[in-house]
Amino acid sequence: MTGGRSSGGRRAGGRGRSSRRWYRLAELGALATASSTVVAAGLSAPAWLTALIAGGALFFTGFRQVFGHGPRYVLAAQSHEALRRAVNRYRLLPATDRDERARQELLAAVERVGDEELRQ
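Worth saying up front: this structure is predicted, and the values here are computed from it rather than measured.

Chemist: What exactly am I supposed to notice about helix H2 (residues 47-67) here?
Modeler: Working note: α-helix, 3.6 residues per turn, so residues spaced by three or four point in the same direction. Between its first and last C-alpha, H2 extends 30 Å over 21 residues, near the 30 Å set by a 1.5 Å rise per residue. Where H2 is concerned, the buried positions are Thr 50, Ile 53, Gly 56, Ala 57 and Phe 63. In an axial view of H2, the angular spread of the buried residues amounts to 145 degrees, which keeps them on one side of the axis. More than 90 degrees from the buried face of H2, the exposed residues found are Ala 47, Trp 48, Leu 52, Leu 58, Phe 59, Gln 65 and Val 66.

Chemist: Help me understand the side chain of Thr 33, please; the structure alone is not making it clear to me.
Modeler: Mapped onto the fold, Thr 33 is located in helix H1 (residues 14-42). A polar contact of 2.7 Å, which involves the side chain of Thr 33, links it to the backbone oxygen of Gly 29. Discounting residues that sit within four places of it in the chain, Thr 33 has contacts with Ile 53, Gly 56, Ala 57 and Phe 60.

Chemist: Looking at this structure, how should I read the pattern of salt bridges?
Modeler: Side-chain pairing between opposite charges can occur once the charged atoms of the two side chains come close. Inspection of the entire model under this criterion finds 4 salt bridges. Of the charged contacts, one joins Arg 85 and Glu 81 as a salt bridge, the two residues approaching to 2.9 Å between their closest N and O atoms. Here Glu 81 and Arg 85 lie together in helix H3 (residues 69-92), a separation of 4 residues that amounts to about one turn. Overall, Arg 85 belongs to the partly exposed group, its relative accessible area being 48%.

Chemist: Which parts of the structure should I look at to understand the packing of aromatic side chains?
Modeler: Two descriptors summarise a pair of aromatic rings, namely the distance from one centre to the other and the angle between the planes of the rings. All told, the structure shown has 3 aromatic pairs when counted by the stated rule. Here Phe 59 and Phe 63 contribute two aromatic rings whose centre-to-centre distance is 5.9 Å and whose plane-to-plane angle is 35 degrees, an arrangement assigned as tilted. Taken together, the positions of Phe 59 and Phe 63, both in helix H2 and 4 residues apart, correspond to about one turn of that helix. Among the residues examined, Phe 63 registers a relative accessible area of 16% and is labelled buried. By the ring-pair criterion, three or more aromatic residues cluster together here, those being Trp 22, Phe 59, Phe 60 and Phe 63.

Chemist: When you look at helix H4 (residues 100-119) in this model, what are you seeing that I'm missing?
Modeler: The terminal C-alpha atoms of H4 lie 28 Å apart, and with 20 residues this matches the ideal 28 Å at 1.5 Å per residue to within 8%. Taken together, the buried positions of H4 are occupied by Ala 102, Ala 109 and Val 113. All buried residues of H4 project into a common sector of 35 degrees when viewed along the axis, lining one side. Counted as exposed and oriented over 90 degrees from the buried face of H4: Arg 101, Leu 118 and Arg 119.

Chemist: Just checking my understanding: could you explain the layout of surface pockets for this structure?
Modeler: With a probe scaled to a water molecule rolled over the atoms, the places where space remains empty come into view. If you add up the space inside the second largest pocket, you get close to 200 Å³. Looking at the second largest pocket, it is lined by 10 residues, and the ones nearest its centre are Pro 71, Arg 72, Leu 75, Ala 76 and Gln 120. A total of 6 residues in the lining of the second largest pocket trace back to one element, the largest contributor, which is H3. For the lining of the second largest pocket, the residue count by class is 4 nonpolar, 3 polar and 3 charged.

Calculation criteria
Residues numbered from 1 in each chain as written. Predicted model: local features only at pLDDT ≥ 70, side-chain atom pairs only at ≥ 80, totals over all residues. Heavy atoms only, no water. Helix = DSSP H or I, 4+ residues; strand = E, 2+ residues; numbered from the N terminus. Expected span 1.5 Å × (residues − 1). Buried < 20%, exposed > 50% of the residue type's maximum accessible area, 1.4 Å probe, protein only. Arc of directions from axis to C-beta. Polar contact = N/O pair within 3.5 Å; in protein donor to acceptor, adjacent residues only side chain to side chain. Contact = heavy atoms within 4.5 Å. Salt bridge = Lys/Arg side-chain N within 4 Å of Asp/Glu carboxyl O. Phe/Tyr/Trp six-rings, centres within 6.5 Å; stacked < 30°, edge-to-face > 60°. 1 Å grid on protein atoms, 1.4 Å probe; cavity = no way out; pocket = protein on both sides within 12 Å on 5 of 7 lines; lining within 4 Å. Points joined across faces, edges and corners; volume = space filled by probe spheres on them. Nonpolar A, V, L, I, M, F, W, Y, C, P; charged D, E, K, R; others polar.

Next comes the structure, spelled out in structure tokens:
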């Protein structure tokens, strides 16, 4: 596994990438609109424009609070890593040792990760 790709050639951790993307978008939007509000007020822009930009800053702040993509990104990354390790442990077993007990251990690891995500 290199470059974040699974053996099937697909990118691993799709939900984590999506949460990371939304997190970055919300942070960048909040920063851009908050700083633009100050600049617009300093340049004596029309009141409606300053209010519009300030409304955007307020929206992004609320978006960050309500959806909290940062913690979701962290949870998705932790889950992905736990599952990757469990699958690697199973794959590294000699073929003769990949019996029912080994499959049950892999399944238990997957279920632990799922339970942990549900608790969050």
